[in-house]
Amino acid sequence: FMATIGGGQLNVASGLAATVAGGSVNLANSSYATVAGGSGNIAVYEAAVGGGSENTATGFVSTVSGGFANAASGYYSMVAGGNGNIAGGNASFAAGQYAQTTHANTFIWGDGSQDPFTGANADNGFNVLASGGVFLYDGANGVHVDGLGNNSGTLDYGLKFGGALSSGEGVASK
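Residues numbered from 1 in each chain as written. Predicted model: local features only at pLDDT ≥ 70, side-chain atom pairs only at ≥ 80, totals over all residues. Heavy atoms only, no water.

## Details of the packing of aromatic side chains
Describing an aromatic ring pair means giving the distance of the ring centres and the angle of the ring planes.
Here is step 1 of the chain: One pass over the full model with this rule turns up five aromatic pairs.
Here is step 2 of the chain: A ring pair is formed by phenylalanine 60 and tyrosine 75, whose centres lie 5.8 Å apart and whose planes are at 55°; its orientation type is tilted. Placement of the pair is phenylalanine 60 in the loop between strand E8 (56–57) and strand E9 (63–64) and tyrosine 75 in the loop between strand E10 (71–72) and strand E11 (78–79), with a sequence separation of 15 residues.
Here is step 3 of the chain: Judged by relative accessible area, phenylalanine 60 falls into the partly exposed class, the value being 28%.
Here is step 4 of the chain: By relative accessible area, tyrosine 75 is classed as partly exposed at 45%.
Here is step 5 of the chain: Joined through ring pairs, the aromatic side chains of Phe60, Tyr75 and Tyr76 make up one cluster. (Phe/Tyr/Trp six-rings, centres within 6.5 Å; stacked < 30°, edge-to-face > 60°. Helix = DSSP H or I, 4+ residues; strand = E, 2+ residues; numbered from the N terminus. Buried < 20%, exposed > 50% of the residue type's maximum accessible area, 1.4 Å probe, protein only.)

## A short note on the nonpolar core
Here is step 1 of the chain: Membership of the largest hydrophobic core comes to 19 residues, with the highest contact counts inside it found for Val49, Val64 and Val79.
Here is step 2 of the chain: The contacts of valine 64, once residues within four sequence positions are left out, are Ala48, Val49, Gly50, Asn55, Thr56, Ala57, Asn70, Ala71, Ala72 and Val79. (Core = buried A, V, L, I, M, F, W, Y, C linked by side-chain atoms within 4.5 Å. Contact = heavy atoms within 4.5 Å.)

## Here's the deal with the sheet that holds E9
Backbone-to-backbone hydrogen bonds join strands into a sheet, with any given pair of strands oriented parallel or antiparallel.
Here is step 1 of the chain: Spatially, nine strands are ordered E1-E3-E5-E7-E9-E11-E13-E15-E16 in an open sheet, and the strand pairing comes out parallel. Either end of the sheet is taken by a strand with one partner, and the two such strands are strand E1 (4–5) and strand E16 (126–128). (Pairing = 2+ DSSP bridges.)

## As for the pairing of strand E13 (residues 93–97)
Here is step 1 of the chain: In the sheet, E11 pairs with E13 via two bridges, with the strands oriented parallel. Bridging across to E13, methionine 78 finds its partner in phenylalanine 93.

Below is the structure:
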């Protein structure tokens, strides 16, 4: 039941079964908190930080996989990596760059073109900032949201309908 420090320098593990595996200046500061490595990372309340630098997992059972300056502060929240992301709502997920939410059960992806990108002001949302366009595929066909104006007058960058997207029906603009 003791805390464990596997190596590194200036690491602190305090609390029942808290662990810092390595790196430097990391802190696992409560029961079952884990920091795997990196530098300047903090995990509390049964949370985990996988690595990177200056990441914090302060929500109960929250996770930051890595990256730089990310924070998972909502209960059961997760930041997959990237830079400057915040998963502040309970059961929220943030990834990319500067994607930040305080809303529960919300997915947010930011491409870094806005600092911060906060998405819709609502719980239970799916928010994506992709300044290069949004493309959803089923393996061969897809739906494209053409924010860059690449449409040539065909349905190639439009919303297509029908079986396997081959019925010829759709909506697009030039």
